[in-house]
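# Fold and geometry: a report
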Amino acid sequence: MEAPGLVVGAALRAPPPPPPLRCSPRGAADRLLVFSREPRPRLAPLTRCYCSREGKGNARSKPHREGSNSVREWLIFVSLSRLNVKANNDQRIMNLELMSQETYLADERHEGVDIWELFSEAQRNILHLNKQRLVAMEELKKLQDENKSLLQDIEVLETERQGFSIEIAESSRFSELLLRIDTMTISGMVGMTEASDLRKKVIDNRYMIHSVFSDIHHKQDTELLSELRLFLRKPAEKPLHVVHICSEMDPITSRGSLATYVTGLSSALQRKGNLVEVILPKYAGINEDVIHFLRKAEADYESYYGGCWHKNRIWTGISSGVSLTLIEPVQLSYFDRDMLRGYPDDFERFSYFSRASLDYIVKSGKQPDVLHVHNWETAIVGPLFWDIFAHQGLGNTRILLTCQDLTSQCLEVPNMLELCGLDPHKLHRPDRLQDNSETNLVNVLKGGIVYSNKVLLMPSTLPRDMAIQGLGHGLEATLTTHKEKVLVASHGLDGELWDPSKDIYLPQRYSPNDIEGKSFCRKTLKRRVGLHSGSSVVVGCICNGDSNTDGLREAVRVALHGGAQVIFMENKGPVMNSTVQALKEELKGDRVMFVEIYDEALEHLIFAGSDIFLCSSFYGPSLQIAIRAIKYGSAPVQINFPSNGSRQTEWHDYPSTALSQYIISTYGDMSLSQALDGIKNNPSQWDWRIKDAMSKVLSWDAECYDLHWEAYSVIRKL
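Residues numbered from 1 in each chain as written. Predicted model: local features only at pLDDT ≥ 70, side-chain atom pairs only at ≥ 80, totals over all residues. Heavy atoms only, no water.

### Quick notes on the pattern of salt bridges
The condition that has to hold: Salt bridges are defined as contacts in which a side-chain nitrogen from Lys or Arg sits within 4 Å of a carboxyl oxygen from Asp or Glu. In DSSP terms, a helix is any run of H or I states spanning at least four residues, a strand is any run of E spanning at least two, and both are numbered starting from the N terminus. Residue exposure (1.4 Å probe, protein chains only): buried if accessible area is under 20% of the type maximum, exposed if over 50%, otherwise partly exposed.
This model, assessed by the stated rule, comprises 21 salt bridges. For Arg528, the salt bridge identified is with Asp599, shortest N-O distance 3.2 Å. Here Asp599 lies in the loop between strand E17 (592-595) and helix H18 (600-609) and Arg528 lies in helix H15 (residues 516-529), a separation of 71 residues in the sequence. What makes Asp599 partly exposed here is its relative accessible area of 26%. The structure contains a network of salt bridges with shared partners spanning Glu248, Arg341 and Glu377.

Below, the structure is given as structure tokens:
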């Protein structure tokens, strides 16, 4: 029975359903799709059928046959619906459908209907569209790559612009100061002899002018002259040449507080007119995008290790305005790894690097005033220097060791010292490298303390004697023996990176004089981490290696009891902090949020949006967290104390620095419950305290720099 004929309906009528199948006399294998046996028109190819708005055919189209609308609509519908299937559909089904259409079209061709041309044209169109799609995707990828490249170029230009702006400011202040001396001379305020002495002093100390004199154009001649005369009487300080030999530097390669310390101190020294260089291993995962003018030196050099000489490639560049040298071993793959450290052969890796750094310094003809080494990774430089290199043109060089973390000391069997050229029999002694507890081993960090001219314990608010006893971790006897060369200092803040008045990561910036932006940051933070909005106090915490699970658990209990909301984020590191994981499994609720993946922008927002910040203590890595919290208007609270609220106060009367004195006197005895009560019951006094804290100078150019300069100056005279 034949299917009823197709009826051409209204323009908006949907296409008719497909006709039924019929069996060919030739058998089921030749089963075909057929329409009714009404006369079928000869159809034009799909792409050649163009209709104007008036319904007239295009000049290039074939004549339109009457009665072909429904057939054409149906063929277009079938062809496009079956050809435009998704790429992940079953290919076998698609092939069967195409075979059926081809068989039907072949049959229709015998009957004089030119449908094969329509089908072929449709196939070509779809292939053409697919090609265009691929081309468009390639163009999109090119645009994305170009966009990424442009963003990197913008960052470089911005860095160069900032450096250029600083250079212009320094040059302007220097020129203005000389011109002011001229006007003072003409007006008779100073005689010609004194004016000549003042000019010479300014010219000889040109690179110190920007840091010594501020707001020159706002000062009267009498005030400025007073400052100039004080500057004239100040003894001239010879600029220092400092070379850092270290395992990390921010933002090139970073795992802990050492990286930001090296960058901050190096930049501060450079701003004061000193020459600073940093030597690093060339790790496989180093961030080359932040190194300007990175280039490989044309010549290699050799360094001694394991009884033979090994070739090393040298890469040079500039980062944060500081000269940078990267050492890459040619034959050994010590630094072609995913992590900075944490391998069984770490002693070999870093003793090789330390020896290679000293070989490089000697062979390049450098004669630095200070070799600044850090932690156990480069502490071996001390014994190497005095036993091997001091007599190779470095007789006036001295060694400064900073200890960011005394818990990692690197114990090894004595014979391992032979790898870098040291004599184990000479060094495996109680007064040298022999470990104080495991006497059959050598202690690399102890060797650094013994063989350095000065030792800085970083960072701490504890006075020296308290720091030696409280932070010694088995090295108390060694530190006590060398107490006269031990100093205590803390990190300074990077004034460009950690300042809410110019922080690029904040949705709205703020300062002690305009604090409104902090409220906006608090709202943004709550929305970002999924906390409900409202006037609840926000307690933030960046968990690091010092974080104590019991202390944090008790702090959360107190915070929730006081109606606060709590946000945890693990510190920057290679693996998830176990403390965060443990707390997340225990503490669940809509007022406690955990950020398990480190996010730099979110870290800045947590500091800005928090009212209170939990710190393990006010020494060690947590001190830097406390200083950042103060700068961003968040009160730091210690939590590593007994749950009864008692505080250790015996060292409060012996602070080591002005910064530590302020932190201890303001926040040393403050518990979390007291902070919550202060915000709730006396908001005006609390706001005043927060603004006063934010106004303190916490950058590297303040007391932190002075403490380091004191250490450098002392060892230069030894």
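### Considering the packing of H15 against H18
Let me state the cut-off plainly: Interaxial angles span 0 to 180 degrees and are taken between N-to-C directions of axes, which are lines fitted to C-alpha atoms, for helices over the stretch in contact. For classification purposes, an angle smaller than 35 degrees is called roughly parallel, one larger than 145 roughly antiparallel, one from 65 to 115 roughly perpendicular, and anything else oblique. Handedness of a crossing is defined here by the sense of rotation of the near helix relative to the far one, left-handed for an anticlockwise turn of less than a right angle and right-handed for a clockwise turn. Here, residues are in contact when the closest pair of their heavy atoms is within 4.5 Å.
Direction vectors running N to C along H15 and H18 enclose 125°, while the axes themselves pass 8 Å from each other. Between H15 and H18, the interaxial angle falls into the category oblique. Our pair here, H15 against H18, has a crossing hand that is left-handed. Judged by residue contacts, Lys518, Cys521, Arg522, Thr524, Leu525, Arg528 and Val529 of H15 engage Leu602, Leu605, Ile606, Phe607, Ala608 and Gly609 from H18.

### Regarding the pairing of strand E10 (residues 398-403)
Note the cut-off: One requirement defines pairing of two strands: DSSP has to find at least two bridges between them.
Along E10, six of the six residues are buried, which leaves the element largely enclosed by surrounding structure. Residue alternation in E10 divides its side chains into two sets, Arg398, Leu400 and Thr402 and Ile399, Leu401 and Cys403, and both sets are buried. Relative to E10, strand E9 (residues 370-374) is paired through five bridges, and the arrangement is parallel. From the neighbouring strand, Val373 faces E10, where its bridge partner is Leu401. Sheet analysis places E10 next to strand E13 (residues 454-457), joined by four bridges and oriented parallel. Opposite Cys403, over in E13, you have Leu457 as the bridge partner.

### Focus on the sheet that holds strand E16 (residues 565-570)
Strand pairing in a sheet is mediated by backbone hydrogen bonds. Such pairs are either parallel or antiparallel. Taken in spatial order, the five strands make up an open sheet running E17-E16-E15-E18-E19, and their pairing is parallel. Taken across any chain shown, the strands that pair with only one partner, and hence form the sheet edges, are E17 and strand E19 (635-638). Geometrically, the sheet is characterised by an average inter-axis angle of 25° between neighbouring strands, direction not taken into account. For strand E15 (residues 538-543) and strand E18 (residues 612-615), the ladder comprises two bridges, and the chain directions are parallel. Bridged to Val539 within E18 is Ile612. Against the sheet, helix H16 (residues 549-561) engages E15, E16, E17 and E18, with an angle of about 150° to E16.

### Looking at the packing of aromatic side chains
Note the threshold: Any Phe, Tyr or Trp ring, taking Trp's six-membered ring, that has another such ring centre within 6.5 Å forms a pair; planes under 30 degrees apart are called stacked, those over 60 apart edge-to-face, and the others tilted.
Across all of its chains, the model carries 18 aromatic pairs by this definition. With centroids separated by 5.8 Å and ring planes inclined at 55°, the aromatic side chains of Tyr261 and Trp700 adopt a geometry described as tilted. Residue Tyr261 is found in helix H7 (residues 257-271), and its partner Trp700 is found in the loop between helix H22 (683-694) and helix H23 (703-716); the two are separated by 439 residues along the sequence. Here the two residues Tyr261 and Trp700 agree in accessibility, since each one is buried. Here Phe568 and Phe594 contribute two aromatic rings whose centre-to-centre distance is 5.2 Å and whose plane-to-plane angle is 10°, an arrangement assigned as stacked.

So, to be careful, I would describe these as geometric facts and stop short of saying anything about function.
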